[in-house]
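Below, each chain spelled out in residue letters.
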Amino acid sequence: MEREESGSLGSLREFNRDRVVQTLRMLGVASRADVARRTGLSRSTVSSIVAELQAEGLIVDRDSDGRPATGGGRPPALIALDPSAGLAIGIDFGKRHLAVAIADLSHEILGEAWGEMPNDYEAAVGIERAAELVEQVIADSGAPRDRILGVGIGLPGPVHSSGTVGSSAILPGWAGTKAAERITERLGLQAWLRNDANLGALSEATWGSGRGCSTVVYLKLATGIGAGIMIDGELFGGAGGTAGEIGHTSLDETGEICRCGSRGCLETYAGGAAIAALLSRSVGRELDIEDVLQRASAGDPACRRALAEAGRHIGVAVANLCNLVNPERIVVGGSMGYAGDLLLDPLKESVKLRAIPSAVEDVEVVLADLGERAELLGAIALVLHEAGPAWSGRAPAMEKAATADTEP
Ligand SMILES: [Zn+2]
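Keep in mind the model is a prediction, meaning the values are calculated, not measured.

A. Here's a closer look at the pattern of salt bridges. Within the structure shown, the criterion is met by 15 salt bridges. Residues arginine 37 and aspartate 34 are paired through a salt bridge, measuring 2.7 Å at the closest nitrogen-oxygen approach. Taken together, the residues arginine 37 and aspartate 34, both in helix H2 (residues 32-39) and 3 residues apart, mark about one turn of the helix. As a salt-bridge pair, arginine 295 and aspartate 300 come within 3.6 Å of each other at their nearest N and O atoms. With relative accessibility at 25%, the residue arginine 295 sits in the partly exposed group.

This is the structure we're talking about:
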């Protein structure tokens, strides 16, 4: 909705420019119509703001394949922020891996590096190794450091809104760490931290299966079960930042005691660790969830049954979530997503049986698109999302000086 009547016209214009720039940051390469749809501004307002920003060199033309426009032939239909106006760095801490990438404002990845990590590595070890990898991708990509807007960080554990990492079964040595502050101290760059499921939601909504939806739930099904919830295009963290703990939805109040202290949580039925433990008993040797997925794809009936039953249990919790949040799309990711329809079909069936009919009509359940890069790309999307309202896309260090003369 456009509200031209409120506020001074100058500040409204500036506000709308901010929205156009912020939207382009999230969309990367887009048409003017995409921008109008996402901002709710009229096509003519968007066109005039885009023309203004193009004249200032902040927006550039792109060909229909997203590459820089060559100038010949038909007029280019797509636009992007000038890639050189800012860079974003993402860091993804996994159970046994570490990944780092750098991207420009048109969402092009300029460099990426992956490394293996030992089991249960401590926060200090992870942060030091991440800082080394960041320095390496900056150097290899030739990116000017003063153009870096900041660093997005993801890790598999609860992240409180204070920035402190909570106790995590996957990275136990990180509880109490303020990981973003430590990265800022080490690299001299602003940093933001979210848990892996939140970053999955952000990346799938930006580039993957949730693209084009404003209310999306990303399910991360792996050793544990978590969800990232986006409402109206914004990550929903709740009061303390821990929203989305769908794995601890109680399915049976007299069920098995869960690691969280409650009973009968979804994770005790359908978490990767629970499934693997169940099958380890029947197979007679220690399996992990990757072994179960492999055996299932080779046709092992016990593994196939366990994954299908997990899908049905997960569907119960998802149905409850649909009743509460009414999402447009549920994106199923994490390693268990590789089970495909084997898990997805019973999950969908369960949602259909248990959610109220209107919630079922509204929601689509789909597999995630970005695989193991979901969290890393989400960390980059986090920077594009959080790095201040500065319309120029200039590096934070330059923002203060720039605000005085932003008025055209
Ligand atoms: Zn629990």
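B. Structural view of the coordination of the zinc ion. Ligation of the zinc ion by protein atoms is provided by His248 (ND1), Cys258 (SG), Cys260 (SG) and Cys265 (SG), these donors lying 2.0 to 2.3 Å from the ion. One chain supplies every donor to the zinc ion, and in sequence these donors are spaced H-x9-C-x1-C-x4-C. Taken together, the residues histidine 248 in the loop between strand E11 (234-235) and helix H7 (266-270) and cysteine 258 in the loop between E11 and H7 connect sequence positions 10 residues apart. On the accessibility criterion, histidine 248 (22% relative accessible area) is partly exposed. Judged by its relative accessible area of 6%, cysteine 258 falls in the buried class.

C. View of the packing of helix H8 (residues 272-283) against helix H9 (residues 289-297). Between H8 and H9, the shortest axis-to-axis distance is 8 Å and the interhelical angle comes to 65 degrees. For the element pair H8 / H9, the angle class is roughly perpendicular. For the pair H8 and H9, the sense of crossing is left-handed. Mapping the contact onto sequence places Gly272, Ile275, Ala276, Leu279 and Val283 in H8 and Ile289, Val292 and Arg295 in H9. Residues of the contact of H8 with H9, tallied by class, amount to 6 nonpolar, 1 polar and 1 charged.

Thresholds, definitions, all that
- Residues numbered from 1 in each chain as written.
- Predicted model: local features only at pLDDT ≥ 70, side-chain atom pairs only at ≥ 80, totals over all residues.
- Heavy atoms only, no water.
- Salt bridge = Lys/Arg side-chain N within 4 Å of Asp/Glu carboxyl O.
- Helix = DSSP H or I, 4+ residues; strand = E, 2+ residues; numbered from the N terminus.
- Buried < 20%, exposed > 50% of the residue type's maximum accessible area, 1.4 Å probe, protein only.
- Donors = N, O, S within 2.8 Å, 3.2 Å for Na, K, Ca; no water.
- Axes fitted to C-alpha atoms, helices over the stretch in contact; angles between N-to-C directions.
- Parallel < 35°, antiparallel > 145°, perpendicular 65-115°, else oblique.
- Left-handed = near helix turned anticlockwise from the far one by under 90°.
- Contact = heavy atoms within 4.5 Å.
- Nonpolar A, V, L, I, M, F, W, Y, C, P; charged D, E, K, R; others polar.

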